[in-house]
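This is what each chain is made of:
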Amino acid sequence: MIPEERIHQIKNILYEKKNISVKELCKILYCSPSTIRRDLLELEKNGLLRRTHGGATLITNTTTEFSATLRALDNKEAKKRICNLASKFLRDDMSIFIDSSSTLYFITEYVSSFHNMKVITNGIKIATELRYSDNVEVFLTGGVVKTNSLSIVSEYASAFVKDFNADLCLLSCKCLDNNGYYEADYQQAQIKKNMINNSKLKLMLADSTKFGYNSYINLASHSDIDYLLTEKIDSSKNFNYEQLKSKLIYQ
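So, how was this worked out
Residues numbered from 1 in each chain as written. Predicted model: local features only at pLDDT ≥ 70, side-chain atom pairs only at ≥ 80, totals over all residues. Heavy atoms only, no water. Buried < 20%, exposed > 50% of the residue type's maximum accessible area, 1.4 Å probe, protein only. Helix = DSSP H or I, 4+ residues; strand = E, 2+ residues; numbered from the N terminus. Arc of directions from axis to C-beta. Pairing = 2+ DSSP bridges. Axes fitted to C-alpha atoms, helices over the stretch in contact; angles between N-to-C directions. 1 Å grid on protein atoms, 1.4 Å probe; cavity = no way out; pocket = protein on both sides within 12 Å on 5 of 7 lines; lining within 4 Å. Points joined across faces, edges and corners; volume = space filled by probe spheres on them. Salt bridge = Lys/Arg side-chain N within 4 Å of Asp/Glu carboxyl O. Parallel < 35°, antiparallel > 145°, perpendicular 65-115°, else oblique. Contact = heavy atoms within 4.5 Å. Nonpolar A, V, L, I, M, F, W, Y, C, P; charged D, E, K, R; others polar. Core = buried A, V, L, I, M, F, W, Y, C linked by side-chain atoms within 4.5 Å. Phe/Tyr/Trp six-rings, centres within 6.5 Å; stacked < 30°, edge-to-face > 60°. Lys NZ or Arg CZ within 6 Å of the ring centre and 35° of its normal.

Could you give an account of helix α5 (residues 76-86), naming the residues involved and the relevant values?
Here α5 has its buried residues at Ala-78, Lys-79, Ile-82, Cys-83, Leu-85 and Ala-86. Buried residues of α5, viewed axially, fall in a sector of 150°; they line one side.

Account for the sheet that holds strand β2 (residues 49-52), with residues named and values stated.
Hydrogen bonds between backbone groups are what pair the strands of a sheet, and the pairing can be parallel or antiparallel. In space, the 3 strands of this open sheet follow the order β1-β3-β2, with antiparallel pairing throughout. Edge positions in the sheet fall to β1 (19-21) and β2, since each has one partner strand and no second. Each strand axis lies, on average, 20° off the axis of its neighbour in the sheet, ignoring direction. As paired strands, β2 and strand β3 (residues 55-58) are joined by 4 bridges and run antiparallel to one another.

Quick rundown of the layout of surface pockets? Include the residues and the values.
If you add up the space inside the largest pocket, you get close to 290 Å³. Around the largest pocket, the lining comprises 18 residues; the ones closest to its centre are Tyr-15, Glu-16, Thr-209, Asp-234 and Lys-237. Elements represented by at least two residues in the lining of the largest pocket include exactly α1 (3-17) and α5. Among the elements that make up the lining of the largest pocket, the one with the highest residue count is α1 (3 residues).

Describe in detail the pattern of salt bridges, supporting the description with residues and values.
Overall, the coordinates contain 9 salt bridges when judged by the stated rule. What emerges from the salt-bridge pattern is a single network uniting Asp-99, Glu-183 and Lys-192.

Please set out the packing of helix α2 (residues 22-29) against helix α3 (residues 33-45) residue by residue, giving values where relevant.
At their nearest, the axes of α2 and α3 sit 9 Å apart, and the two run at 110° to each other. Viewed along their axes, α2 and α3 adopt a mutual orientation that is roughly perpendicular. Contact residues: α2 offers Val-22, Leu-25, Cys-26 and Leu-29, while α3 offers Pro-33, Ile-36, Arg-37 and Leu-40. Partitioning the contact of α2 with α3 into residue classes produces 7 nonpolar, no polar and 1 charged.

Tell me about unusual backbone geometry, residues and numbers included.
Not every positive phi belongs to a glycine, and Tyr-30 is a case in point at roughly 55°. Note on placement: Tyr-30 falls in the loop between α2 and α3. Judged by its relative accessible area of 76%, Tyr-30 falls in the exposed class.

Talk me through the nonpolar core; I want residue IDs and the actual numbers.
Within the largest apolar cluster, 29 residues are counted, with the highest numbers of intra-cluster contacts made by Phe-97, Leu-176, Tyr-181, Met-204, Leu-219 and Leu-228. When residues of this core are traced back to their parent elements, those giving at least two are β8 (151-153), α8 (155-162), β9 (166-171), α9 (186-197) and β13 (217-220). In terms of residue count, the dominant contributor to this core is α9 (4 residues). Listed in part, the 23 residues of the second largest apolar core include Ile-107, Met-117, Ile-126 and Leu-205.

Can you lay out the packing of α1 against α3 for me, pointing to particular residues and giving the numbers?
Interhelical geometry of α1 versus α3 gives an angle of 70° and a closest axis separation of 10 Å. As summarised for this structure, α1 and α3 are arranged roughly perpendicular, according to the angle between their axes. Across from Arg-6, Ile-7, Ile-10 and Lys-11 in α1, the residues of α3 making contact are Thr-35, Ile-36, Asp-39, Leu-40, Glu-42 and Leu-43. Its residues assigned to classes, the contact of α1 with α3 comprises 5 nonpolar, 1 polar and 4 charged.

Lay out the pairing of strand β12 (residues 199-205) in plain terms, naming residues and giving numbers.
Taken across its 7 residues, β12 has 5 buried, putting it largely inside the fold. As defined by bridge partners, β9 adjoins β12 across 5 bridges and the pair is classed as parallel. Following the sheet pairing, Leu-170 is matched in β12 by Leu-203. With 3 bridges connecting them, β12 and strand β14 (residues 227-230) associate as parallel partners. Paired with Leu-203 across the two strands is Tyr-227, which belongs to β14.

I'd like a rundown of the side chain of Ser-87, residues and numbers included.
For Ser-87, the location among the structural elements is in the loop between α5 and β4 (95-98). On the basis of relative accessibility, which here comes to 10%, the residue Ser-87 falls in the buried class. Residue contacts for Ser-87: discarding those within four places in its chain leaves Ile-107 and Tyr-110.

Provide a residue-level description of the packing of aromatic side chains, including the pertinent values.
Evaluated as defined, the whole model comprises 7 aromatic pairs. On the numbers, 5.0 Å between centres and 85° between planes, the contact of Phe-211 with Phe-239 is edge-to-face. In this pair, Phe-211 sits in the loop between β12 and β13 while Phe-239 sits in the loop between β14 and β15 (248-250), placing the two residues 28 residues apart along the sequence. The exposure class of Phe-211 is buried, given its relative accessible area of 0%. Judged by relative accessible area, which is 9%, Phe-239 ranks as buried. Members of the aromatic cluster, each reached through a chain of ring pairs, are Phe-139, Phe-160 and Phe-164. The ring of Tyr-105 carries Lys-125 above its face, with NZ or CZ at 4.4 Å from the centroid.

Okay, here's the thing in structure tokens:
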């Protein structure tokens, strides 16, 4: 098993169990204790967990933005399903804000199939993927490259977004609870807020693992977003799905 796959499995186990011992992980993943400890150290550096004596505990109310590598591996199939739902809102001749989240990477194949599309993004991977399409004109923000998330941030990026008006805004968030949506990076949050304010239709794409948590930066209230797209309803979450039944779209 390659390290990336093993780390992804550890994350999924922690999401389910909340805390686990090194001994248990060794048994589940057929790995040595030294290998598991190295993986736990990497995940602790990225803010997902806190190592304990002989194991690790999931950090649910985190203020850390995970690296692009870890986020790309996390719930990939769920993100693909959510982007498929979002694709139903696409039409020819649209202008679209797309944020730099790993979730929205999977929307690029759908956008490319439409004609005369304008995309404004601060996501390096989004822009790189869309550069192959003759049907899409891409506007990439200026600013500072944030290497851990493969995005461009700073006040310049935020001001750049303000110069555009879009038909559609596609974005994700760090997490959400009954009060609204949250981010773990201030500059990312400001860019996303400008995207929300300058678009006609706003879609929030969030897989089920993000529900029922909050972080320290307020991104938006539920009233700011037109539709919330997810792959499933998870009744075990501390979240009132009923309050958003008119906005909630899921498979």
